[in-house]
Number of protein chains: 2
Amino acid sequence: MARISVGTVDRVIHNRSGVSKKSRKRVEDILKKLDYQPNIYASALASNKKYAFACLLPQHLDGEYWTAVEAGINEAVKTYSDFNASVSFSFYDPYDYHSFLEMGDKLLNDGPVGIILAPTTPEYSKPFINRLIEKAIPYIYIDSLLKELPPLAFFGQNPGQSGYFAARIMMMMARENKEIAIFRMIHQGIVGSNQQENRELGFRQYMKEHHPDCKIWELDLHSNQPDTNNRTLDNFFKQHPLLSDCITFNSKVYIMGKYLRTHKMDNFHLIGYDLLKQNVDCLKDGSVSFLIAQQPELQGYNAIKALCDHLIFKKEINRINYMPIDLLTKETIDYYHNK
Amino acid sequence: MARISVGTVDRVIHNRSGVSKKSRKRVEDILKKLDYQPNIYASALASNKKYAFACLLPQHLDGEYWTAVEAGINEAVKTYSDFNASVSFSFYDPYDYHSFLEMGDKLLNDGPVGIILAPTTPEYSKPFINRLIEKAIPYIYIDSLLKELPPLAFFGQNPGQSGYFAARIMMMMARENKEIAIFRMIHQGIVGSNQQENRELGFRQYMKEHHPDCKIWELDLHSNQPDTNNRTLDNFFKQHPLLSDCITFNSKVYIMGKYLRTHKMDNFHLIGYDLLKQNVDCLKDGSVSFLIAQQPELQGYNAIKALCDHLIFKKEINRINYMPIDLLTKETIDYYHNK
DNA sequence: CGTATCTTTGTGGTCGCACACGATATTATA
DNA sequence: TATAATATCGTGTGCGACCACAAAGATACG
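Keep in mind the model is a prediction, meaning the values are calculated, not measured.

### Quick look at the protein's contact with DNA strand D
Taken together, the neighbourhood of DNA strand D is formed by 26 residues, with A:His14, A:Asn39, B:Ser5, B:Arg11 and B:Ser23 sitting nearest. Restricting the count to atoms of DNA strand D within 4 Å of the protein gives a sugar and phosphate share of 67%. In the environment of DNA strand D, a phosphate oxygen lies 2.4 Å from a nitrogen or oxygen atom belonging to the backbone of B:Ser5. A distance of 2.9 Å separates a phosphate oxygen of DNA strand D from a polar atom in the backbone of B:Ser20. Those elements giving two or more residues to the surface near DNA strand D turn out to be helix H3 (40–47) of chain A together with helix H1 (6–13) and helix H3 (40–47) of chain B. Ranked by the residues each element gives to the surface near DNA strand D, the list is headed by H3(A), at five residues. A class-by-class count of the residues in the surface near DNA strand D yields 10 nonpolar, 12 polar and four charged.

### Quick word on the sheet that holds strand E6 (residues 179–186) of chain A
Residues and elements named next belong to chain A. Read from one edge to the other, the open sheet built from six strands follows the order E7-E6-E8-E9-E10-E12, with strand pairing classed as mixed. Each edge of the open sheet is held by one strand with a lone partner, namely strand E7 (215–222) and strand E12 (326–328). Direction aside, neighbouring strands of the sheet carry axes that sit 20° apart on average. Together, E6, E7, strand E8 (245–248) and strand E9 (269–273) form the strand contacts of helix H8 (residues 194–210), whose direction differs from that of E6 by roughly 170°. Of the strands in this sheet, E9, strand E10 (290–293) and E12 are in contact with helix H11 (residues 277–285), which crosses E10 at around 145°.

### Focus on the packing of helix H7 (residues 159–174) of chain A against helix H7 (residues 159–174) of chain B
A pair of packed helices is captured by two measures, namely the crossing angle of their axes and the spacing between those axes. At their nearest, the axes of H7(A) and H7(B) sit 8 Å apart, and the two run at 70° to each other. In this view, H7(A) runs roughly perpendicular relative to H7(B), as classed from their interaxial angle. Judged by the sense of rotation from one axis to the other, the crossing of H7(A) with H7(B) is left-handed. Contacts between H7(A) and H7(B) pair A:Ile169, A:Met172 and A:Met173 from the former with B:Ile169, B:Met172 and B:Met173 from the latter. Broken down by class, the residue content of the contact of H7(A) with H7(B) amounts to six nonpolar, no polar and no charged.

### With respect to the sheet that holds strand E8 (residues 245–248) of chain B
All names here are of chain B. With mixed pairing, six strands are arranged side by side in an open sheet as E7-E6-E8-E9-E10-E12. Of all strands in the sheet, those with a lone pairing partner are strand E7 (215–222) and strand E12 (326–328), marking the two edges. Ignoring strand direction, the axes of neighbouring strands in this sheet form an average angle of 20°. Packing against the sheet, H7 makes contact with strand E6 (179–186), E8, strand E9 (269–273), strand E10 (290–293) and E12, and its axis sits at approximately 165° to E9.

### Comments concerning the domain arrangement of chain A
Partitioning chain A into structural domains gives domain 1 (6–37), domain 2 (50–156 + 296–324) and domain 3 (159–293). Centre-to-centre separation of domain 1 of chain A and domain 3 of chain A, based on C-alpha positions: 61 Å.

### Some remarks on the protein's contact with DNA strand C
If you check the shell around DNA strand C, you find 26 residues, and the closest are A:Ser5, A:Gly18, A:Ser23, B:His14 and B:Tyr36. When the atoms of DNA strand C within 4 Å of the protein are sorted by group, sugar and phosphate make up 67%. A:Ser23 places a polar side-chain atom, nitrogen or oxygen, 2.4 Å from a phosphate oxygen of DNA strand C. When contributions to the surface near DNA strand C are tallied by element, the ones reaching two or more residues are helix H1 (6–13) and H3 of chain A together with H3 of chain B. In terms of residue class, the surface near DNA strand C is built from 10 nonpolar, 12 polar and four charged.

What counts, and where the lines are drawn
- Residues numbered from 1 in each chain as written.
- Chains lettered and ligands numbered in written order.
- Predicted model: local features only at pLDDT ≥ 70, side-chain atom pairs only at ≥ 80, totals over all residues.
- Heavy atoms only, no water.
- Near = heavy atom within 4 Å.
- Polar contact = N/O pair within 3.5 Å; in protein donor to acceptor, adjacent residues only side chain to side chain.
- Helix = DSSP H or I, 4+ residues; strand = E, 2+ residues; numbered from the N terminus.
- Nonpolar A, V, L, I, M, F, W, Y, C, P; charged D, E, K, R; others polar.
- Pairing = 2+ DSSP bridges.
- Axes fitted to C-alpha atoms, helices over the stretch in contact; angles between N-to-C directions.
- Contact = heavy atoms within 4.5 Å.
- Parallel < 35°, antiparallel > 145°, perpendicular 65-115°, else oblique.
- Left-handed = near helix turned anticlockwise from the far one by under 90°.
- Domains from an automatic or database assignment.

Structure representation (structure tokens):
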């Protein structure tokens, strides 16, 4: 239509040099008139590039929260495998800040073209992120967002808002009760996750606004000391016989659920986070009333998708993507999709 | 590897005739050993077939429930446009059973290769479905499922379960109250949707199991008579001054919400279905406490996806796909995705 | 005007696959 | 054994894009 060869059209489409102004204009006009959309599949076929991504997550046992994120990432890589997308995983110790840097450094040796990471604290993330910026490697945050080091995209829940919401649901159940409790999970004195703390902040915000006179007890449990925990809990409940509503902001509510079950504390209301298999079991047997979910599989999936959209399909992508705050119960859990 | 040309390999892959048993076996073995996965994009590129789908939905005004389904379908067609997928819509009058058949007939003239429909009653759907079976055109149900006329796939919520769940949430709010109310929306004496009735059945099931002594009032409103409705409501609330918890199983809870707002009935709890803009407004201003959603966009999207998976990519697809039962509140609505 | 240099354009091979058509091998029949 | 019929196989072209390289046109300079 523009009376020139496909080569020239190609140069215009890819904004390459070596085209006269006249020809360029002519081609651009026609492109616009036709609303030309390149066939991304043919394009990927022809360009035949490799896209090796890297992913840096906290170490975890099978079945814990991060397993779901991994699954979503693998799923996405599979769907994009025809575009030559691949991913390699590295894991850092969330309770040892140096580990993050070390694994980050190592991962760069493979020359990845895009990175997905669950960042640790801003101070310790910064040197690594700076190297990525230097090398112009796009990176995506999962789970928690460092606003001061803006990524290509972020996928995760708004922790404050989810805590705020959790408080409302809790108080619907608590009715006239004037005391509730928060259980924390710590490891060698370190919380190890920003999310937990921010959820609690949102929770307390709601309580201050709507139930300022409700007493909020707190109890710290230790992630790897079941026996101590049991004794701690025995003591705690002896001291608070009227308590019947508790929440925990980490993903291990099943520890509490099992305790309630073995002690036959049936009229207890428990709210927790994330759909670990053991949590879901508690939900189904009634020891946990509500679980709040955040679609970790989708977070992982969307992270890969965002990298592909950016690098392969040259699409605009949203920077901040808060995941839905999903409330699950015994009645709805069977219909919930993970992706 | 099998010492034969690509032509023969091609014949094996597509299960076409004209290959000796020996060669076929050899190729199949190698294919399996390599875990060969065809590049579906290259495949679609080369085959260059057209896929025209048709979609048959109830008539509706802009902004009503079905608009969202349409949006999801259009979105999906766009993502599959490089595979030459397209769709055309037809609409039937849900209060006139003959309309369904008539529009169904008309739509077949274009020779669609796949159909998406929101079925009406089994009796009236059957003749149309039979024609589809005759012509071997795959069809997908959206919203409601006719088990006796099994489709290629179904996408929709389990209405009974969602009603059952709604009852639990309602009674969490109702606390010690001993009476609640159900509002129905009818049109010329016809309910026009199976979903509404089945949700109510599930709701009553829960009430029977958990609150057998709770009184359930009922009130029928008419979809196109606002003045009559207002008078009906005035009367109703005069007769039931203690009532403070209501539910409606159709998507027009905003009618109730607006009534409550204009009458300053603040301590009222209202539960409704679907995220129409007006419903969401009520949720945000507090006149509606909870909305139950079912991701209509995703239903539409997945319907197209299922047809493409089946016809283009020859993938196995799930027949029965219940959508999640999502509970939304003022606190979580802003984080909810529609697709 | 001839040559060198730079700008602009065209050509042809490629990606992984589908498919039509023609070629060769094998078997059946006279 | 020659020929026909059938079974099996190979080749070439095209899908829509990418891109390296070569060719042609334009401009500058001596």
